[in-house]
Amino acid sequence: QLEESGGGLVQPGGSLRLSCTTSGRFFNNYGMGWFRQAPGKEREFVSTIDWSGSATNYADSVKGRFTISRDNLKKTVYLQMDSLSLADTADYYCGARVSGGTWHNADGTDYWGQGTQVTVSS
């Protein structure tokens, strides 16, 4: 089970940090990532990180603004979101990939959290 937290309402230009934690004993072996889904749109890739934390990837739309990281001791993955814009408004989902590497499509995700809502509004 994956559990997200940290969503909320923020003004344009603001920051939020999302967290995703699990009690699963295989967390340290899994690739982890964040995807988002805006109303009426498909779920889209945001960022993923491999099992070791040494490899990451980002969607072009968030590159330079968002930072993914993980703490395997705490079994938690984070998404630091800075310089937020209206276009970042969406439900954000934590995902896990058993293979352990990074990936960039929602279909490649093996496990999902329930999501946390991020609203950017003035």
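Structural data are supplied above this passage.
This write-up is about the structure you can find in this document. Because the structure is predicted, anything quoted here is derived from the model rather than measured.

### Re the packing of aromatic side chains
Tallied over the entire structure, the rule returns six aromatic pairs. Their ring planes at 15° and their centres at 6.1 Å tell us that tyrosine 30 and tyrosine 111 sit as a pair that is stacked. Here tyrosine 111 lies in strand 10 (residues 111-112) and tyrosine 30 lies in the loop between strand 3 (16-22) and strand 4 (31-37), a separation of 81 residues in the sequence. For tyrosine 30, a relative accessible area of 15% puts it in the buried group. When the ring of tyrosine 93 is compared with that of tryptophan 112, the centres are 6.4 Å apart and the planes differ by 85°; the resulting orientation is edge-to-face. Here tryptophan 112 lies in strand 10 and tyrosine 93 lies in strand 9 (residues 90-97), a separation of 19 residues in the sequence. Residue tyrosine 93 is classed as buried on the basis of its relative accessible area of 13%. Over the face of the ring belonging to tyrosine 93 we find arginine 43, whose NZ or CZ atom lies 3.6 Å from the ring centre. The residue whose ring lies beneath arginine 43 is tryptophan 112, and the NZ or CZ to ring-centre distance is 4.5 Å.

### With respect to the pairing of strand 7 (residues 66-71)
Along strand 7, the buried face is formed by Phe66, Ile68 and Arg70; none of Thr67, Ser69 and Asp71, which line the opposite face, is buried. Bridge analysis of strand 7 against strand 8 (residues 76-81) gives six bridges, and the strand direction is antiparallel. Residue pairing across strands places phenylalanine 66 opposite methionine 81, the latter belonging to strand 8.

### Examining the state of the cysteines
Disulfide: a covalent bond connecting the sulfur atoms of a pair of cysteines. Across all of its chains, the model carries one disulfide by this definition. Disulfide pairing is shown between cysteine 20 and cysteine 94; the S-S distance is 2.1 Å. Note on the cysteine 20 and cysteine 94 pair: the S-S dihedral is about -80°, so by sign convention the disulfide is left-handed. Highlighted residues: cysteine 20 in strand 3 and cysteine 94 in strand 9, separated in sequence by 74 residues. Each member of the pair, cysteine 20 as well as cysteine 94, is classed as buried.

About the thresholds
Residues numbered from 1 in each chain as written. Predicted model: local features only at pLDDT ≥ 70, side-chain atom pairs only at ≥ 80, totals over all residues. Heavy atoms only, no water. Phe/Tyr/Trp six-rings, centres within 6.5 Å; stacked < 30°, edge-to-face > 60°. Helix = DSSP H or I, 4+ residues; strand = E, 2+ residues; numbered from the N terminus. Buried < 20%, exposed > 50% of the residue type's maximum accessible area, 1.4 Å probe, protein only. Lys NZ or Arg CZ within 6 Å of the ring centre and 35° of its normal. Pairing = 2+ DSSP bridges. Disulfide = S-S within 2.5 Å.

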